[in-house]
Amino acid sequence: MKKKLVVLTGAGISAESGISTFRDENGLWHNHKVEEVASAEAWKKDKALVLDFYNQRRRDLKDKKPNYAHLRLAELENRYDLNIITQNIDNLHERAGSTRVLHLHGELTKVRPEYGQYEEDFSEAEVFDIAYEDVNIGDLAANGSQLRPHIVWFSEDVPKISKAIDLVEEADIILIIGTSMQVYPAAALYRYAAYSTKIMLLDPASMPSLDHRIMHIRKKATEGIDEIISLIDSY
């Protein structure tokens, strides 16, 4: 029976494909305040600005390619019962060949109807992929409401967190790649792992307060992916 491997990925793995991160000095937040483009309040205040922000990100994603770390993770499906849980909204894992990817914070290439106050009540059946096309004011869903990005904004619930917890609880091995371990609730997911579960982190940042259970390899994703996969295979 294949071991259950859960991989948690963050912005660091996609940064190596040229996708800007929000927290870096030259990241996307450098020119936009969070509350202007990534919150329910921003959407209510200026839908055109929010749509333009995500349209630009979608155009940028079109020309980006999966990197070596994405590709190596996809190969692991041959040897493990693998699930990827990502905080990233890009589709680089899927384009690398991974078939079981849970997007905690939504997906950049998808849209859904807006519902106003209770956005968490949307149906997955109403979500659809637009690839790298723009969305503009007046682009309507089948129910006649404005289309919005299929993104979990700040202050919104994370609908798939329960599914992510279930996967972590069942994991034999957890691999965390490219995350600052600061964005919740994703940062706390590893705590749901069984005591016997092996947990490894691949990220260049120094994290002195890291949980003692976590083995930390201080390298970028593409630099350390072979090393950490060798460790996984040795268990």
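As the structure is a computational prediction, the values presented were derived from the model and not from experiment.

Quick notes on the rules
Residues numbered from 1 in each chain as written. Predicted model: local features only at pLDDT ≥ 70, side-chain atom pairs only at ≥ 80, totals over all residues. Heavy atoms only, no water. Pairing = 2+ DSSP bridges. Helix = DSSP H or I, 4+ residues; strand = E, 2+ residues; numbered from the N terminus. Axes fitted to C-alpha atoms, helices over the stretch in contact; angles between N-to-C directions. Core = buried A, V, L, I, M, F, W, Y, C linked by side-chain atoms within 4.5 Å. Buried < 20%, exposed > 50% of the residue type's maximum accessible area, 1.4 Å probe, protein only. Contact = heavy atoms within 4.5 Å.

Observations regarding the sheet that holds strand 2 (residues 81–86)
Thought 1: Read from one edge to the other, the open sheet built from 6 strands follows the order 3-2-1-7-8-9, with strand pairing classed as parallel. At either end of the open sheet lies a strand with only one pairing partner, and these are strand 3 (101–103) and strand 9 (214–217). Adjacent strand axes in the sheet meet at a mean angle of 20°, parallel and antiparallel pairs treated alike.
Thought 2: Looking at chain direction, strand 8 (residues 198–202) and strand 9 are connected through 4 bridges and run parallel. When the sheet's bridge partners are listed, leucine 202 is paired in strand 9 with isoleucine 217.

Here we look at the nonpolar core
Thought 1: Counting residues in hydrophobic clusters, the biggest one holds 24 residues, and the most contacted among them are Val6, Ile85, Leu104, Ile174, Ile176 and Leu189.
Thought 2: Sorting elements by how many residues they give to this core places helix 7 (residues 161–170) first, with 5 residues.
Thought 3: With residues near it in sequence (within four places) discarded, isoleucine 176 still touches Leu8, Met181, Tyr190, Ile199, Met200, Leu201 and Leu202.

Topic: the side chain of histidine 105
Thought 1: By secondary structure assignment, the location of histidine 105 is in the loop between strand 3 and strand 4 (106–113).
Thought 2: Of the residues examined, histidine 105 reaches a relative accessible area of 15% and is grouped as buried.
Thought 3: With residues up to four places along the chain from it excluded, the contact list for histidine 105 reads Thr86, Gln87, Ile89, His150, Ile151, Val152 and Val183.

Just geometry here; none of it tells us what the structure is for.
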